[in-house]
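Residue strings, one per chain:
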Amino acid sequence: MERLEGYEVIGGTKIRGTVRISGAKNAVLPMLAATLLVDRPCEIIDAPDLRDVTVMTQILERLGAKVVVGRDQEGKRTLTVDAGDLWTHEVPDSLMRQMRSSIFLMGPLLGRMGKVRVSYPGGCAIGPRPIDLHLSSLQALGVRIEERGGYIDASTGGLRGTEIHLDFPSVGATENTMMAAVTARGITVIRNAAKEPEIVDLQNFLNAVGAKIRGAGLDVIRIEGTHSLGGARHQAIPDRIETGTFMAAACITGGEVLMDNCIQEHVEAAIAKLQEAGAEIEEAGDHQLHVAGPSRVRAVDFKTLPYPGFPTDMQPQVMSLMTLGLGTSVITETIFENRFNQAEELKRMGANVKTEGRTAVIKGVNRLFGATVAASDLRSGAALVLAGLAAEGRTVVEGCHHIDRGYEGLESKLSLLGARVRRIPVNGS
Ligand code: EPZ
């Protein structure tokens, strides 16, 4: 049982300085899965040192791949995966349960081995997280799916291209279908595809290994099946949610931050919303964004939507910001059923938040007070750290392991910006 740790945050400091944004977890995870399609070494550059990424590399190794961690000549962390010799199609249950996104191992394993066994995925506490869209797309590509005893056994006598229309632009289902279609016979067209930047990055990686994919980032993605795949090197895009999280941190403390390794286009919705709340955000140079928070943010309303709408993964962080806003903010969470876990914890810090189903109403207060609060998923955990930065006194956010899933060295990055944040052991509650 890993030692339970929390973040101790002493509030009241305006953060100031420069921070480098890490490579995107949600781009690297599907790319790692995609390396299983290729029997030559692939190198992924700027892979963040995060728990979810480690779990994915452990799964690849249990399947028979060799994974080597390294640094490139600029010091970026690299993962080189050699999946030349896979010895099983069964994804280990213990690892599968730790991370829901491992479901998109089905596509590459079906493409490479013609079969895969996975258990129903685990994941964070933000809703039931069904996988019906994944399974129906794979069935349309010629996959037989059997579900029994908590396991899914999938096999195919040969994947064949087809037209697929996703009921919802699911990120994972789009990625799974893309990867399964890479070696399918003929053409696959995915309609109502997710348009997130991570989908485009996956397309670019797959095309680098020899796939023939067009259209990622738009509603319709077209994949022409091929079997001639080879190794490749590919640098992951920066993490747009980490970028947004640091913008929110500058806003909630009234500080200012220069963020290095950003792609402004990927965070336009968050930038627009934070500017509406009073932040000054502008491009500062090559792949750099500068953000200056106001002395007090104005309350703003927003609804989370599929990309390019306001990202659900930024909703908890901006809710924290709104607890100190001037006025009343109405937030609607349209992507996940249960993504207001941070609300009850913020109320312990003196916030005025009322939630009803997918809607939260936040009445701004003049100050928050430090308290002991609990993270229940990676983004609500980050949101509570942000609230602690602005609260009076000492806040302990229990459940670092949730935050470690999505943020590489959050405490050291915040400390370098002048925040008073450190990890402390907490007695397991
Ligand atoms: C990806 O999850 C991200 N994870 C999530 O980030 C992110 O919140 C989410 O996309 C939405 O942007 C990774 O990329 C590893 P979805 P995913 O399939 O693929 C429903 C984080 O914070 N749905 O787009 O699981 C589902 O229940 C994580 O880094 C079905 O109904 O998201 C949810 O309500 C959290 N059936 C909605 O769609 C399905 O078969 C969005 O899910 C699949 C999904």
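Residues numbered from 1 in each chain as written. Predicted model: local features only at pLDDT ≥ 70, side-chain atom pairs only at ≥ 80, totals over all residues. Heavy atoms only, no water.

Topic: the pairing of strand E14 (residues 256–260)
In summary, the side chains of a regular strand alternate between the two faces of the sheet. As defined by bridge partners, strand E2 (residues 16–20) adjoins E14 across five bridges and the pair is classed as parallel. Among the inter-strand pairings, threonine 18 is bridged to a residue of E14, identified as leucine 258. Pairing of E14 with strand E16 (residues 288–292) involves five bridges; the strand directions are antiparallel. When the bridges of E16 are listed, valine 257 appears paired with valine 291. (Pairing = 2+ DSSP bridges. Helix = DSSP H or I, 4+ residues; strand = E, 2+ residues; numbered from the N terminus.)

Here we look at the domain arrangement of the chain
Under the domain assignment used here, the chain contains domain 1 (5–22 + 238–425) and domain 2 (25–235). Put simply, the middle of domain 1 and the middle of domain 2, counted by C-alpha atoms, are 30 Å apart. Counting residues at the interface gives 27 residues for domain 1 and 24 residues for domain 2. Both faces considered, domain 1 and domain 2 share a buried interface measuring about 2,000 Å² in area, 54% of it formed by carbon and sulfur atoms. Contact with domain 2 buries surface across domain 1, with Tyr307, Arg405 and Glu408 losing the most and accounting together for 33% of the total. The salt bridge partner of arginine 240 is glutamate 198, with a shortest N-O separation of 2.8 Å. Counting only elements with at least two residues in the side of domain 1 that touches domain 2, the list comes to helix H12 (378–390) and helix H13 (400–404). The class makeup of the residues in the side of domain 1 that touches domain 2 is seven nonpolar, nine polar and eleven charged. (Domains from an automatic or database assignment. Contact = heavy atoms within 4.5 Å. Buried area = accessible area lost by both parts, 1.4 Å probe. Salt bridge = Lys/Arg side-chain N within 4 Å of Asp/Glu carboxyl O. Nonpolar A, V, L, I, M, F, W, Y, C, P; charged D, E, K, R; others polar.)

Things to note about the site of the ligand
As a structural note, the neighbourhood of the ligand is formed by 22 residues, with Asp132, Leu133, Ser170, Asp313 and Ile335 the closest of them. Between the ligand and the protein, one listed contact pairs an oxygen atom with a side-chain N or O atom of aspartate 313 at 2.6 Å. Between the ligand and arginine 339, the relevant distance is 3.5 Å, taken from an oxygen atom to a side-chain nitrogen or oxygen of the residue. Contact with the protein chains removes 91% of the 820 Å² of surface that the ligand exposes when unbound. Those elements that place two or more of their residues in the shell around the ligand are helix H1 (25–34), helix H5 (132–140), helix H6 (171–181) and H12. Of all the elements, H5 adds the most residues to the shell around the ligand, at three residues. Split by residue class, the shell around the ligand holds nine nonpolar, six polar and seven charged. For the shell around the ligand, the two domains that each supply at least three residues are domain 1 (5–22 + 238–425) and domain 2 (25–235). (Near = heavy atom within 4 Å. Polar contact = N/O pair within 3.5 Å; in protein donor to acceptor, adjacent residues only side chain to side chain. Areas by Shrake-Rupley, 256 points an atom, 1.4 Å probe, with all protein chains shown as cover.)

Some thoughts on the layout of surface pockets
Quantified by volume, the second largest pocket comes out at close to 280 Å³. The wall of the second largest pocket is formed by 19 residues, among which Ile252, Ser295, Leu324, Asn366 and Ala390 lie closest to the centre. With three residues, helix H8 (residues 240–253) is the single largest residue contributor to the lining of the second largest pocket. Among the residues forming the lining of the second largest pocket, the class breakdown is ten nonpolar, five polar and four charged. (1 Å grid on protein atoms, 1.4 Å probe; cavity = no way out; pocket = protein on both sides within 12 Å on 5 of 7 lines; lining within 4 Å. Points joined across faces, edges and corners; volume = space filled by probe spheres on them.)

Details of the sheet that holds strand E13 (residues 233–235)
Spatially, four strands are ordered E4-E5-E3-E13 in an open sheet, and the strand pairing comes out mixed. Since the sheet does not close on itself, it has two edges, and those belong to strand E4 (66–71) and E13, each with one partner. For this sheet, the mean angle separating the axes of adjacent strands, direction not counted, is 20 degrees. (Axes fitted to C-alpha atoms, helices over the stretch in contact; angles between N-to-C directions.)

Details of the environment of glutamate 276
Counting through the fold element by element, glutamate 276 comes out in helix H9 (residues 268–276). A residue is classified by how much of its surface remains accessible, and glutamate 276, at 39% relative accessible area, is partly exposed. As for glutamate 276 and alanine 33, which are separated by 243 residues in sequence, their C-alpha atoms are 38 Å apart. With sequence-adjacent residues up to four places away left out, glutamate 276 is seen in contact with Arg298 and Val300. At 2.9 Å, the side chain of glutamate 276 forms a polar contact with the side chain of lysine 273. (Buried < 20%, exposed > 50% of the residue type's maximum accessible area, 1.4 Å probe, protein only.)

A short note on the pattern of salt bridges
Oppositely charged side chains may form a pair once their charged atoms are brought near each other. Evaluated as defined, the whole model comprises 26 salt bridges. Linking arginine 233 and glutamate 43 is a salt bridge whose minimum nitrogen-to-oxygen distance equals 2.4 Å. Of this pair, arginine 233 sits in strand E13 while glutamate 43 sits in strand E3 (residues 42–45), and the two are 190 residues apart along the sequence. For lysine 273, the salt bridge identified is with glutamate 276, shortest N-O distance 2.9 Å. Of the two residues, lysine 273 and glutamate 276 are both situated in helix H9; the distance of three residues between them amounts to about one turn of the helix.

Observations concerning the sheet that holds E2
Read from one edge of the open sheet, four strands run E2-E14-E16-E15, paired in mixed fashion. On the outer flanks of this sheet lie E2 and strand E15 (280–285), each paired with one strand and no other. This sheet shows a mean twist of 20 degrees between the axes of neighbouring strands, independent of strand direction. Relative to the sheet, H8 contacts E2, E14, E15 and E16, its axis offset from that of E14 by approximately 165 degrees.

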